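Geometric and topological summary
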Amino acid sequence: MAKNKNVGGEMSFLDHLEELRWLLVRSTIAILIGACVAFAFSEYIFNNIIFAPKRADFITYRFFCDLANKYDLDKSFCVTELPFSIQSRTMDGQFSTDIWTSITAGLILAFPFILFQVWKFIRPALYDTERKHAVGFIVSTSILFFLGVLFGYYLIMPLSLNFLGNYKISDVVENNIDLDSYLSLIKTTVISCGLVFEMPIIIFFLAKLGLVTAGFLRKYRKYAFVIILIIAAIVTPPDVVSQMIVTIPLVILYEVSILIAGRMNKTPKIEETNG
């Protein structure tokens, strides 16, 4: 049970359940409000955001094409169209897709509010000095999440779409992609990248709990870099420049996580020395 260090009171198990229930209720309401807003602008969202990476004039393709022309690199992004079509094969396919896409957008829009609710839930278990960092925690976590979403949408998603859309085992097979499959790739990519960009925050809490150390992260750094390079090599054209564009942000996140873990690992020793 968490102890409220302001009033010295002890919260009961039922109090915790009540607080958790209201956290879920308020978070759900926030997601639904965001979903309603997204649903009202669903036509714009689908035409200008969801299906934008399907068009050859998408900003990422133009960027890599200009880069390839300037430095004489691989020209796989200099295309007039992506060789696949998107289809809906069920009667309620487009309607249900609209609903679930709006809910996903609502989750992304409500993310800072959900963070605030989580912070309110764990606040009674924190000391006054820790509570002072509430605003910094919410702002930094939200910024990292949205940066991850943008990274996934503007880099990983179009690179993956171009690779998978052009991949063929035989000319006999046509790529007629199901709408659910296309949407699933987008949602999985952007949300996964948003969560991956939370790595420094996750490492902060793991290091605070003593579950991760800077030494551990340094020891397995080379393996982490190999995994990052493999992912970059899969989703990018076969040239070093584009692979580095994907690799560098992820490497920076890992190095920042090591610094955070190192800082947190030193804190208990300082407190013990002062005691």
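Structural data are supplied above this passage.
Residues numbered from 1 in each chain as written. Predicted model: local features only at pLDDT ≥ 70, side-chain atom pairs only at ≥ 80, totals over all residues. Heavy atoms only, no water.

Here we come to helix α4 (residues 93–109). Counted at 1.5 Å a residue, the expected span for α4 with its 17 residues is 24 Å, and the 24 Å between its end C-alpha atoms agrees. For α4, the full list of buried residues reads Gly 93, Thr 97, Asp 98, Thr 101, Ser 102, Thr 104, Ala 105, Gly 106 and Ile 108. (Helix = DSSP H or I, 4+ residues; strand = E, 2+ residues; numbered from the N terminus. Expected span 1.5 Å × (residues − 1). Buried < 20%, exposed > 50% of the residue type's maximum accessible area, 1.4 Å probe, protein only.)

The next point concerns the environment of Ile 231. On the secondary structure map, Ile 231 appears in helix α11 (residues 221–235). Each C-alpha atom, one on Ile 231 and one on Ile 156, is 9.7 Å from the other, the two residues being 75 residues apart in sequence.

What follows is about the nonpolar core. Formed by 43 residues in total, the largest nonpolar core has its most connected members in Ile 50, Phe 151, Leu 161 and Tyr 182. Of all the secondary structure elements, the ones that give two or more residues to this core are α2 (42–50), α3 (59–71), α4, α5 (111–122), α7 (134–166), α8 (179–196), α11 and α12 (240–274). Here this core gets 13 residues from one element, more than from any other, and that element is α7. Not counting residues up to four positions away in its chain, the partners in contact with Ile 50 are Ile 45, Thr 101, Tyr 182, Leu 183 and Ile 186. Judged by nonpolar contacts, the second largest core, of 10 residues, contains Ile 203, Ala 207, Ala 224 and Ala 261. (Core = buried A, V, L, I, M, F, W, Y, C linked by side-chain atoms within 4.5 Å. Contact = heavy atoms within 4.5 Å.)

It is worth spelling out the environment of Ile 202 at this point. Within the secondary structure, Ile 202 is located in helix α9 (residues 199–208). Ile 202 sits in the partly exposed class, given a relative accessible area of 44%. For Ile 202 and Thr 141, which are 61 residues apart along the polypeptide, the C-alpha to C-alpha distance reads 9.8 Å.

For the coordinates displayed, the defined rule picks out 15 aromatic pairs. Aromatic side chains Phe 58 and Tyr 153 sit 5.7 Å apart centroid to centroid with 90° between the ring planes, which places their arrangement in the edge-to-face category. Pair noted here: Phe 58 is in the loop between α2 and α3 and Tyr 153 is in helix α7, with a separation of 95 residues, a long-range link. What makes Phe 58 buried here is its relative accessible area of 7%. Ring geometry for Phe 225 against Tyr 254: centres 6.0 Å apart, planes inclined by 70°, an arrangement best described as edge-to-face. Of the two residues, Phe 225 is situated in helix α11 and Tyr 254 in helix α12; the sequence distance between them amounts to 29 residues. We classify Phe 225 as partly exposed; its relative accessible area is 23%. By relative accessible area, Tyr 254 is classed as buried at 10%. Among the aromatic residues, those joined into a ring-pair cluster are Phe 58, Tyr 61, Tyr 153 and Tyr 154. The positively charged end of Lys 54 is found above the aromatic ring belonging to Phe 84, 4.7 Å away from the centroid. (Phe/Tyr/Trp six-rings, centres within 6.5 Å; stacked < 30°, edge-to-face > 60°. Lys NZ or Arg CZ within 6 Å of the ring centre and 35° of its normal.)

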